[in-house]
Amino acid sequence: MESAFRAVVIGVGHLGQHHARILSTLDNVDLIGVVDVDQDRVRRISSEYGTDVIEDIRSVLDRVDGVVVAVPTQDHLVVAAPLLEAGVSVLVEKPIASSSAEAEVLLRSAESSGATLAVGHTERHNPAVVAARALISSPGFIEVHRLSTFQSRSLDIDVVFDVMIHDIDIVLSLVGMEPVSLEAVGIPVLSDRVDIANARLRFESGCIANLTASRISRDQVRKLRVFQPHALVTVDYAEQQLEAWRIAKSSNGSPSVDGGPIEVVTVEPLECELIDFMRSVRDGVEPSVTGVAGRRALEVAEAITHAMEDANRSSGAGKVS
């Protein structure tokens with residue numbers, strides 16, 4: 001029997017605690033410990049999931065197969081780089097780093113040691129997204145809405161890096177190329193960072209992607225619509241629902257619309273993400289979301305942010321009071 005995968009979670013806050021929860025329940029996985037600067041929190045999480053509190057990650061590097069890094073974005077580099085340099089495989093939460101320059105350091109660290117570097121773009125593992133991929137061949141227009149209510153977390157980064165980056169990664173993977181141009185607008189409303197943003201990406205193929213992200217909305221909406229010749233594919237991320245519609249010709253030659261809901265087996269995307277990471281480490285294959293993909297999404301997010309700043313300077317837009 002294959003030996004248990006030995007894992008550690010660094011950072012057990014809002015998202016990291018869910019990594020710890022899932023790892024503690026997966027078959028053939030040994031969650032050997034958790035790390036966090038908040039001692040009360042790390043003791044509570046370690047007790048809840050039956051694992052140890054690790055004071056110094058360096059003390060367990062010789063007996064760990066992979067580490068999940070779920071600390072705040074600004075700490076990704078300082079936490080993940082030494083692990084990768086030591087040859088320890090890492091799943092780092094999105095965005096991969098605070099900047100594309102920092103992301104490049106992580107990529108070089110992984111390459112030099114041969115360690116696996118995966119990035120936690122969880123929506124890639126959403127079963128509705130996975131099923132939709134088989135139906136999408138030549139996207140012409142993509143519309144994404146990711147709206148949520150205001151929460152007092154992740155306010156150290158713009159909504160683009162907080163939530164829109166999920167959809168940037170999905171769009172890039174569906175279109176299969178980099179945007180050739182983009183326009184973007186965004187403003188702070190309830191925080192000092194941009195809370196609502198819209199970006200329009202244009203690709204060499206002719207595809208246009210329109211992305212809207214908000215963390216100040218009254219409703220929770222997470223939907224993706226992909227239009228391509230004679231077909232429409234829609235995904236509800238939250239409900240893990242998929243619909244596909246196509247234009248067909250009826251027996252008399254007139255067009256008709258066929259399609260409807262497609263059955264999707266629901267599963268927790270974060271669990272799929274962790275299984276994918278462990279598989280990539282064990283089998284020596286690329287994870288579904290590589291460090292290169294994480295850097296690519298971050299580069300586009302940075303370009304969107306710069307475009308927003310340029311638009312705000314031109315319009316004189318400022319914080320809404």
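Everything that follows concerns the structure shown earlier in this document.
Residues numbered from 1 in each chain as written. Predicted model: local features only at pLDDT ≥ 70, side-chain atom pairs only at ≥ 80, totals over all residues. Heavy atoms only, no water.

### Let's talk about a nonpolar patch on the surface
Where nonpolar side chains cluster on the molecular surface, the patch consists of Trp245, Ile247 and Val257 and spans about 260 Å² of accessible area. By the element assignment, Trp245 lies in strand S12 (residues 241–249). Since its relative accessible area comes to 30%, Trp245 is described here as partly exposed. (Patch = residues over 30% accessible without salt bridge, like charges linked within 9 Å, V, L, I, M, F, W, Y side chains within 5 Å. Areas by Shrake-Rupley, 256 points an atom, 1.4 Å probe, with all protein chains shown as cover. Salt bridge = Lys/Arg side-chain N within 4 Å of Asp/Glu carboxyl O. Helix = DSSP H or I, 4+ residues; strand = E, 2+ residues; numbered from the N terminus. Buried < 20%, exposed > 50% of the residue type's maximum accessible area, 1.4 Å probe, protein only.)

### Digging into the packing of helix H1 (residues 16–25) against helix H7 (residues 269–283)
Taken N-terminus to C-terminus, the directions of H1 and H7 make an angle of 70°; their axes are 10 Å apart at the nearest point. As summarised for this structure, H1 and H7 are arranged roughly perpendicular, according to the angle between their axes. Between H1 and H7 the crossing geometry is right-handed. For the pair formed by H1 and H7, the contact residues are His18, His19, Ile22 and Leu23 on the first element and Leu270, Glu271, Glu273, Leu274 and Met278 on the second. Partitioned by chemical class, the residues of the contact of H1 with H7 number five nonpolar, two polar and two charged. (Axes fitted to C-alpha atoms, helices over the stretch in contact; angles between N-to-C directions. Parallel < 35°, antiparallel > 145°, perpendicular 65-115°, else oblique. Left-handed = near helix turned anticlockwise from the far one by under 90°. Contact = heavy atoms within 4.5 Å. Nonpolar A, V, L, I, M, F, W, Y, C, P; charged D, E, K, R; others polar.)

### Some details on empty space enclosed by the protein
According to the stated counting rule, one finds one cavity of 30 Å³ or more in the structure shown. Its boundaries defined by the atoms lining it, the largest cavity holds a volume of some 30 Å³. Around the largest cavity sit Leu91, Ala118, Val119, His125, Glu273, Asp276, Phe277, Pro287, Ser288 and Val289, which together line it. Broken down by secondary-structure element, the contributors of at least two residues to the lining of the largest cavity are strand S5 (117–120) and H7. If one sorts the elements of the lining of the largest cavity by residue count, H7 sits on top with three residues. For the lining of the largest cavity, the class distribution of residues is six nonpolar, two polar and two charged. (1 Å grid on protein atoms, 1.4 Å probe; cavity = no way out; pocket = protein on both sides within 12 Å on 5 of 7 lines; lining within 4 Å. Points joined across faces, edges and corners; volume = space filled by probe spheres on them.)

### What about the pairing of strand S8 (residues 196–203)?
Residue alternation in S8 divides its side chains into a buried set, Ala197, Ala199, Leu201 and Phe203, and an unburied set, Ile196, Asn198, Arg200 and Arg202. Across eight bridges, strand S7 (residues 179–187) lies against S8 in antiparallel orientation. Bridged to Val185 within S8 is Asn198. In the sheet, S8 pairs with strand S9 (residues 208–214) via seven bridges, with the strands oriented antiparallel. Among the inter-strand pairings, Arg200 is bridged to a residue of S9, identified as Asn210. Linking S8 to S9, which pair antiparallel, is a turn of four residues; within it Gly206 sits at a positive phi near 100°. (Pairing = 2+ DSSP bridges.)

### Re the environment of Asp36
For Asp36, the location among the structural elements is in the loop between strand S2 (29–35) and helix H2 (39–48). What makes Asp36 buried here is its relative accessible area of 11%. Sequence spacing of Asp36 and Ala209 is 173 residues, and the spatial spacing of their C-alpha atoms is 38 Å. Dropping the residues within four chain positions of it, Asp36 is found in contact with Gly11, Val12, Gly13, Arg41 and Val42. Among the polar contacts listed, one links the side chain of Asp36 to the side chain of Arg41, at a separation of 2.9 Å. (Polar contact = N/O pair within 3.5 Å; in protein donor to acceptor, adjacent residues only side chain to side chain.)

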